[in-house]
Amino acid sequence: MSKKLLLKDAHIEGIRYLETYRKQGGYTAAEKALKMTPDEILEEVKTSGLRGRGGAGFPTGMKWSFLAKPEGVPRHLVVNADESEPGTFKDRYLMEFLPHLLIEGMLISSYCLGSNVSYIYIRGEYSWIPDILEEAIDEAKAAGFLGKNILGTGFDCEIYVQRGGGAYICGEETALLESLEGKRGNPRLKPPFPAVKGLWERPTVVNNVESIAAIVPIIDITGAEYAKIGIGRSTGTKLISACGNINKPGVYEIDMTITVEEFIYSEEYCGGIPNGKKLKACIPGGSSVPIVPANLLLKTVNGEPRYMNYESLADGGFATGTMMGSGGFIVLDEDQCVVEHTMTLARFYHHESCGQCTPCREGTGWMHKILKKIEKGEGKMEDIDLLWDIQRKIEGNTICPLGDAAAWPVAAAIRHFRDEFEWHVKNPELCLTQNYGLANY
Ligand code: L3W
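What you see is a predicted model, and the numbers here were worked out from it, not measured in a lab.

## Quick look at the site of the ligand
Residues in contact with the ligand amount to 20 residues; listed here are only the nearest, G54, K63, S84, E85 and E173. The contact in question runs from an oxygen atom of the ligand to an N or O atom on the backbone of A56, over 3.5 Å. At 2.9 Å, a backbone N or O of S84 approaches an oxygen atom of the ligand. Coverage of the ligand by the protein chains reaches 76% of its 900 Å² of free accessible surface. Three or more residues apiece are contributed to the shell around the ligand by two domains, here domain 1 (18–228) and domain 2 (238–333).

Printed below as a string of structure tokens:
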């Protein structure tokens, strides 16, 4: 059974409220941290090996150490709660059930980074969660964990919750900062990275909700103990939101040493696939990461078991490997149609493209149009090659990763499931009446 660090108290009734959270030891990590120096906290975070839980897996301690500290310029911590990646809903769970874990993590992080004003930028569709967060902030403030001279240390910290308007692009950190400044959420060119020039051109650390929540157990058990959980550079625990064709969709905390097979089939996690269907494929890290067919999902190209961690999921390189991403684990059984699935994602990325870069603005819509045609049985064989060509021209040619995120699912679907695309071209009369699954072989 995986060790629980973040969700260990999630089942306790009333854990959303300060009184219950305190009874479970809540804010003792903050009390400990505020007796340490910011540099000591930073060392713990570096030692922990924590990697950003939003999708990129960038080492958190390294990001924090990049934070510029010019004299007299305020610095900020911004929590990215714009969780909009299809298949990803772990941050929602954390904020809804454990708001004080996030607030406590923010307090420790803000103290370490020297942020007196920190923000939570939350996706617009999570309409009921800001009230939960604001209630927790009020409780923390009344108890002296936020506000002026926190716990008599002389450190001041306010946390504000900002609701987004419901745009996926605002999950990209620089678009988020633009939006937080009250502008249209268009991504900025990097460098400069937010750590140097972020919110209102001030040094800013942008971290995912889960990354900041993980700071609490890191301080609690120490970075060295945290680093002992997991394997290699995949230290600590990771939240996985599992959905699709599984018996037990939900949010699970894993310790990154379990295999993909165990995660899908064991009763502790997904509980297998409904109706005894066969596994066809999986998108393990949110919709942006490449789809992987069952044979490569359960084993690597070298025949090793595939594990639920950053390295193993990426093993095999771009050709076969995928990514841990945000941990949005989407399972497709043998009856699911990869063409339809890819078309649905293409529609999403086209809708969410900010339109700033031509390859993304034009290419995402073009890919959607062709995929729609193929899916309806109106495509030609050349359309499959055209689709391949378009995604190649988007990848790497845009300001932000939305272009890559739109291109990768199409590339991986054609690479691994070209026969399904060809089946749609060859069987136009069947396209609208039946899905393409293994049964059609
Ligand atoms: C200072 C340097 N800072 C890098 C920082 C950078 C950022 C972090 C990672 O995209 C991916 C995307 C999605 N000095 C730095 C530096 N940094 N070098 O490190 O940066 P980067 O550019 O690798 O990634 P990103 O722009 O943050 C995130 C993928 O994750 N994804 C997840 C999507 C998840 C959601 C959600 O709903 N939670 O949207 C899934 O795969 O496609 O590729 O902070 O500033 N020299």
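Now, onward.
## Topic: helix α3 (residues 38–48)
Within α3, the full set of buried residues consists of I41, L42, V45 and S48. All buried residues of α3 lie within an arc of 125 degrees about the axis, which places them on one face of the element. On its buried face, α3 sits against α2 (28–33), α4 (60–65), α6 (99–113), α9 (209–221), α10 (223–228) and β6 (234–235). With its phi angle positive at about 75 degrees, G49 sits one or two positions after the end of α3.

## Section: a positive patch on the surface
A surface patch of positive charge is lined by R347, K369, K372 and K376. By the secondary structure assignment, K372 is in helix α16 (residues 358–375).

## A closer look at the domain arrangement of the protein
We note that the domain assignment places domain 1 (18–228), domain 2 (238–333) and domain 3 (338–440) within the protein. One C-alpha centre belongs to domain 1, the other to domain 3, and the line joining them spans 36 Å. Each partner contributes to the interface: domain 1 provides 13 residues, whereas domain 3 provides 10 residues. Looking at the side of domain 1 facing domain 3, the largest losses of area belong to Y168, I169 and P187, adding up to 50% of the total buried there. For the pair domain 1 and domain 3, the number of links is 0 salt bridges. Inspection of the region where domain 1 meets domain 3 yields 3 residue pairs in polar contact (both at pLDDT 80 or more). Tallied by class, residues from the side of domain 1 that touches domain 3 come to 6 nonpolar, 3 polar and 4 charged.

## Comments concerning unusual backbone geometry
Glycine aside, residues mostly have negative phi angles, and peptide bonds mostly take the trans form. Residue P191 is reached from K190 by a cis peptide bond, and omega for that bond is -10 degrees. In this structure, P191 sits in the loop between α8 (173–180) and β4 (204–208). In this chain, P191 is followed by P192 through a cis amide linkage whose omega measures 5 degrees. With respect to the helices, strands and loops of the structure, P192 is situated in the loop between α8 and β4.

## A few points about a nonpolar patch on the surface
A cluster of nonpolar side chains, contributed by F58, M62 and F66, occupies part of the molecular surface with about 290 Å² of accessible area. Within the secondary structure, M62 sits in helix α4. A relative accessible area of 38% means that M62 is categorised as partly exposed.

## Some thoughts on the packing of aromatic side chains
According to the stated counting rule, one finds 15 aromatic pairs in the structure shown. Ring geometry for Y21 and Y27: centres 5.4 Å apart, planes at 80 degrees, overall edge-to-face. Assigned by exposure class, Y21 and Y27 land together as buried. Between the aromatic rings of F263 and F329, the centroid separation amounts to 4.9 Å while the plane-to-plane angle is 80 degrees, which identifies the pairing as edge-to-face. In this pair, F263 sits in helix α11 (residues 260–265) while F329 sits in strand β11 (residues 328–333), placing the two residues 66 residues apart along the sequence. Neither residue differs from the other here; F263 and F329 are each classed as buried. Following the ring pairs from residue to residue traces out a cluster consisting of Y252, F263, Y269 and F329. Over the ring of Y310 we find R51; its NZ or CZ atom is 4.2 Å from the centre of that ring.

What counts, and at which threshold
- Residues numbered from 1 in each chain as written.
- Predicted model: local features only at pLDDT ≥ 70, side-chain atom pairs only at ≥ 80, totals over all residues.
- Heavy atoms only, no water.
- Near = heavy atom within 4 Å.
- Polar contact = N/O pair within 3.5 Å; in protein donor to acceptor, adjacent residues only side chain to side chain.
- Areas by Shrake-Rupley, 256 points an atom, 1.4 Å probe, with all protein chains shown as cover.
- Domains from an automatic or database assignment.
- Buried < 20%, exposed > 50% of the residue type's maximum accessible area, 1.4 Å probe, protein only.
- Helix = DSSP H or I, 4+ residues; strand = E, 2+ residues; numbered from the N terminus.
- Arc of directions from axis to C-beta.
- Contact = heavy atoms within 4.5 Å.
- Patch = residues over 30% accessible without salt bridge, like charges linked within 9 Å, V, L, I, M, F, W, Y side chains within 5 Å.
- Salt bridge = Lys/Arg side-chain N within 4 Å of Asp/Glu carboxyl O.
- Lys, Arg positive; Asp, Glu negative; His and termini not counted.
- Charge placed at Lys NZ, Arg CZ, Asp CG, Glu CD.
- Buried area = accessible area lost by both parts, 1.4 Å probe.
- Nonpolar A, V, L, I, M, F, W, Y, C, P; charged D, E, K, R; others polar.
- Phe/Tyr/Trp six-rings, centres within 6.5 Å; stacked < 30°, edge-to-face > 60°.
- Lys NZ or Arg CZ within 6 Å of the ring centre and 35° of its normal.

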